[in-house]
Amino acid sequence: MKKIIIRSVILPCLLGLFGLLLPQYADAQYADTWRFKVSPKLLIPFNLKSDVSVQGITETFELGLSDFVSLDQAFSGGFRLEGRRNDWGLFADLSFTYAEDTRLAQNYPLPPTLALIINSRFNPPSPVPAGTPVTAGILASGSALSLEFGVLYRLWEAEATNGNRYFAEPLAAVRFSSLKSELDFELDLAGIPVVRTNLNVSDSPLKSVIGLNLGLETTGRWSAALLTTVGASLISQEDHFSFRISPQAAYAFNPNLALTLGYDFRYLNYERSPNIGLTQKQHALSIGLSAGF
């Protein structure tokens, strides 16, 4: 509970105090005018590690860059809609990450959950005890879909002598998530035909999110930004924490269209014992477009 209070209350207050101590810069060009921006992007992970837990069984797998050639094995991307008026802004941010892996395990100790399913569903000649070594083909997958609705505020903006602008924007949001963990087993038991069983669980937690966006807008075609966000459980006490840091640069083809390129690190840890658990850590190249209107 203390961690939730620190993430959800104390940090935004510190950001607000920091902003009040800094000089303000007003841009009259867009005063009282709504500006909108749409930013789709594709993430190309260099590395993605997942711990998938279902009913007390945990499988860990790690994917590299070569595994992302096939989009049915792994996919990561996002879409952001942002509207601004004066120093205030509203945004909706959609992101999705999916990854799966398969492996063949010899002498795999039969977990108690699978032993119970086999004994109750397949009626073997004699009960199969937990811990029995079996040959197992295992498919593990985990997905995380999230939708954020939030508000941001430009606390500080300054202009250098060369015309470049620097800014700081804290943000706060509510994140609706849909998390799914799935384990599919193909078991070869002596005296019993091949047994296939599937375990999958899902959950839809609600999180509060705070963040800070630091940026540089140049007089030319280039700009840069560093976005950092932290998320924690909002209305429940399950283990749920996420962290993201995304430095990126943008090249403007014209005032309304830009190409974005950056690095994206994401960490997600969610557990509601003993039924579901999902941990994902991702390092990725981010490629996208930003269109304003």
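Before reading on, note that the structure itself is shown above.
We now turn to the structure provided with this report. The structure presented is a predicted model; accordingly, all values stated were derived computationally and were not measured. (Residues numbered from 1 in each chain as written. Predicted model: local features only at pLDDT ≥ 70, side-chain atom pairs only at ≥ 80, totals over all residues. Heavy atoms only, no water.)

This next bit is on the overall build of the chain. Along the backbone of the chain there are two helices and 13 strands. Residues counted as buried form 42% of the 293 residues belonging to the chain. Summarising the internal contacts of the chain: among those between residues at least 6 apart in sequence, 67% fall at separations of at least 24. Looking at the chain as shown, the accessible area adds up to about 15300 Å², and 63% of this sits on carbon and sulfur atoms. (Helix = DSSP H or I, 4+ residues; strand = E, 2+ residues; numbered from the N terminus. Buried < 20%, exposed > 50% of the residue type's maximum accessible area, 1.4 Å probe, protein only. Contact = heavy atoms within 4.5 Å. Areas by Shrake-Rupley, 256 points an atom, 1.4 Å probe, with all protein chains shown as cover.)

A separate point is the nonpolar core. General note: in soluble globular proteins, nonpolar side chains tend to be found buried as a group. One finds Y108, L110, L114, F185 and L187 to be the most contacted residues of the largest nonpolar core, which totals 33 residues. Within the second largest apolar cluster, six residues are counted, among which are F91, L152, L171 and L227. (Core = buried A, V, L, I, M, F, W, Y, C linked by side-chain atoms within 4.5 Å.)

What follows deals with helix 2 (residues 112-121). Within helix 2, burial applies to T113, L114, A115, I117 and I118. One or two residues past the end of helix 2 sits N123, with phi positive at roughly 45°.

Further remarks concern the pattern of salt bridges. Scanning the entire structure with this criterion turns up 17 salt bridges. The partner of D264 in a salt bridge is K41, with the nearest N and O atoms 3.9 Å apart. Of the two residues, D264 sits in strand 12 (residues 257-272) while K41 sits in strand 1 (residues 34-54), which places them 223 residues apart along the sequence. Looking at D264, the relative accessible area reads 0%, which means it is buried. In this structure, E82 engages R84 in a salt bridge whose closest nitrogen and oxygen atoms are separated by 2.6 Å. With relative accessibility at 7%, the residue E82 sits in the buried group. (Salt bridge = Lys/Arg side-chain N within 4 Å of Asp/Glu carboxyl O.)

With respect to the secondary-structure elements, P205 resides in the loop between strand 8 (192-203) and strand 9 (206-217). Counting along the chain gives 30 residues from P205 to R175, while the straight-line C-alpha distance between them is 8.4 Å.

We now examine the pairing of strand 4 (residues 88-109). Note: strand 3 (residues 74-85) against strand 4, 12 bridges, orientation antiparallel. In the sheet register, A74 faces strand 4, and the bridge partner there is A99. Taking the residues that link successive antiparallel strands as the turn, the strand 3-strand 4 hairpin has two residues, and the phi of N86 there is positive, at about 55°. Bridging between strand 4 and strand 5 (residues 133-153) involves 20 bridges; their strand directions are antiparallel. When the sheet's bridge partners are listed, R103 is paired in strand 5 with I138. (Pairing = 2+ DSSP bridges.)

Right, let's talk about the side chain of K207 for a bit. Along the chain, K207 turns up in strand 9. Of the buried charged residues, K207 lacks a salt bridge, with E148 as the closest side chain of opposite charge at 7.2 Å. Side chain to side chain, K207 and S242 meet in a polar contact 2.5 Å long. (Lys, Arg positive; Asp, Glu negative; His and termini not counted. Polar contact = N/O pair within 3.5 Å; in protein donor to acceptor, adjacent residues only side chain to side chain.)

On the secondary structure map, G262 appears in strand 12. Here the alpha-carbon distance between G262 and L43, two residues 219 residues apart in the chain, equals 9.4 Å.

Here the focus is the environment of F91. You can see F91 is positioned in strand 4. Residue classification places F91 among the buried residues on the basis of a relative accessible area of 5%. A sequence separation of 82 residues divides F91 from A173, and the C-alpha atoms of the two residues are 8.7 Å apart. With sequence-adjacent residues up to four places away left out, F91 is seen in contact with R80, L81, E82, E148, F149, G150, V151, L152, L171, A172 and A173.

This brings us to the side chain of S53. Relative to the helices and strands, S53 is located in strand 1. One polar contact links S53 to T58, side chain to side chain, over a distance of 2.7 Å. Not counting residues within four places of it along the chain, the set of residues in contact with S53 comprises T58, S181, V201, N275, I276 and G277.

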